[in-house]
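Reading the structure
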Amino acid sequence: MKAPRFSYVRPESLDSVQELLAEHEDEARILAGGQSLMPTLNMRLSEPGLLIDINRIDALKGISLEDGTVRIGALARHAEVLASPLVAGYLPLIADAMPHVAHVAVRNRGTFGGSIALADPAAELPACAVALDASFVLASRRGRRTVPARSFFHGLYETELAEDELLVEARIPVLAPGYRSSFLEFARRHGDFALAGVCCHARVEGGVLSDVSLACFGGEDRPRLAAAASAAAEGRAWSEEVKDAVKTALGRELDPAGSFHASAETRVHLAQVLAGRAVDRMVAAD
Amino acid sequence: MEEAADIALIVNGEAVSRRVEARRHLVDFLRLDLGLTGSRLGCEHGVCGACTVRVDGAIVRGCLMLAVQADGADVWTIEGLSDTGELADLQDAFVARNALQCGYCTPGMLLTAAEMLKAGRRMTRQEIREFLSGNFCRCTGYHAIVDAIEAVMQERFRD
């Protein structure tokens, strides 16, 4: 199908974006990479009156290292994140996840900020941000605020972003000494949204895990920090027994919806198997 | 803030300027306004890859980019890349290996394969398949397409 009619504007500064958002609020949609927005327009699932194209705003671009934090600009393309030496060196979880984010042609346009702001529950990057305890900088004419990823995602495509706010950048702490991370997902076709996926981040010392953050995605309405499963591994030497405890806890706390592609039971099973393998990898690398 | 805009861009090496509706995506612009019908529309929501074109040196989904966003861009389609000869060996290999039947996905496949070749090295069949994973072919089952791309890599990147 073809997109409905809408107006289009391509502001040159962040200030003008904020003015436009304040003026038009829910009538306007931000157009970044367009890799999720454009399908919804073509299928007429959304009919915004105005598209605000932010692609030429330099302040939203780039990836940099600042005081133990990697700053990823909202407009950083997936391809750029995938190729970034800073991400490879300091955020191995994101580096591991990136090859699973869509397909080459989509990665060339899709943006980091777009993936976060859209909050697709099966997307990789929101879950990585939750596991790594990242935070997001949101801006509006009212000012700026920083929101932890762990309280940013409210539900299915629902986030902390107000109608007049724009996601400016993500701030992600670099991998600390002694810490490891691991990313695994299961999708029907490489690059498609996952049926189930896990992001794990923990301190690993002599096979003992601590400060464990296990985040799961796919199936539920938002990425979940699996608190009980993380606690089941906390302070313990990784073993088959601990792995079983993690899987059991995960089975209790995950409550995914079934779909045409996979039942709820299948999704839980996949998450359990992936979580076990993810931690296996982290411990093996120790 | 208008529902239409004037754009100026380079398409297949030639300067083009037009007034386009904001809602018009890049492939409709190429096909309907410029008559370049080599780029195809399959799903029109970013899944099938038939609309793959090269914008500013990188392949994109032509159905997921607005024509107004291509203002100032350097756009290449199967027509232009056939004329320059950049794809000649790939096209020959696709024919030799029967890597197409109906041909609908072929322009997108060729542009994706060309992007793969930019890495300047041979890839494993698994890597080729993963790189191609965003392009659907409903006729060949991919095996012959992978064969063709692998053959070109072996020819171009001799050790």
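Use the structure listed above.
Just so we're clear, the structure is a prediction, and the values are computed from it rather than from any experiment. (Residues numbered from 1 in each chain as written. Chains lettered and ligands numbered in written order. Predicted model: local features only at pLDDT ≥ 70, side-chain atom pairs only at ≥ 80, totals over all residues. Heavy atoms only, no water.)

**Thoughts on the pattern of salt bridges**
The full count for this structure, using the stated rule, is 31 salt bridges over all chains. In this structure, Lys243 of chain A and Glu240 of chain A form a salt bridge, with 3.4 Å as the shortest nitrogen-oxygen distance. Placement of both Lys243 of chain A and Glu240 of chain A in helix α11 (residues 240–253) is noted, with a separation of three residues, approximately one turn of the helix. Looking at Lys243 of chain A, the relative accessible area reads 10%, which means it is buried. A salt bridge links Glu127 of chain B to Arg121 of chain B, with the nearest nitrogen and oxygen atoms 3.1 Å apart. Since its relative accessible area comes to 29%, Glu127 of chain B is described here as partly exposed. For Arg121 of chain B, a relative accessible area of 37% translates into the label partly exposed. A single salt-bridge network, built from bridges that share partners, covers Glu66, Arg71, Glu169 and Arg171 of chain A. (Salt bridge = Lys/Arg side-chain N within 4 Å of Asp/Glu carboxyl O. Helix = DSSP H or I, 4+ residues; strand = E, 2+ residues; numbered from the N terminus. Buried < 20%, exposed > 50% of the residue type's maximum accessible area, 1.4 Å probe, protein only.)

**Comments concerning helix α1 (residues 26–33) of chain B**
All names here are of chain B. Residues of α1 that are buried: Leu26, Val27, Asp28, Phe29 and Leu30. In this structure, the buried residues of α1 make contact with β1 (4–11), β2 (14–21), β3 (52–55) and β5 (74–76). Within two residues after α1, Gly35 carries a phi angle of roughly 75°, on the positive side. (Contact = heavy atoms within 4.5 Å.)

**Things to note about the interface of chain B and chain A**
Opposite the 31 residues of chain B that make contact, chain A presents 35 residues. Between chain B and chain A lies a buried interface of about 2,800 Å² when both sides are counted; carbon and sulfur atoms form 55% of it. Interface area lost by chain B to chain A is led by Met1, Arg23 and Leu64 of chain B, which between them contribute 25%. Taken together, the connections running from chain B to chain A amount to four salt bridges. The salt bridge involving Lys2 of chain A is made with Glu44 of chain B; its shortest N-O contact spans 2.6 Å. At the junction of chain B with chain A, the criterion picks out 20 residue pairs in polar contact (both at pLDDT 80 or more). Looking at the side of chain B that touches chain A, the elements that each hand over two or more residues are β4 (58–61) and α5 (125–131) of chain B. Here the side of chain B that touches chain A gets four residues from one element, more than from any other, and that element is β4 of chain B. Across the side of chain B that touches chain A, the residue classes tally to 14 nonpolar, seven polar and ten charged. (Buried area = accessible area lost by both parts, 1.4 Å probe. Polar contact = N/O pair within 3.5 Å; in protein donor to acceptor, adjacent residues only side chain to side chain. Nonpolar A, V, L, I, M, F, W, Y, C, P; charged D, E, K, R; others polar.)

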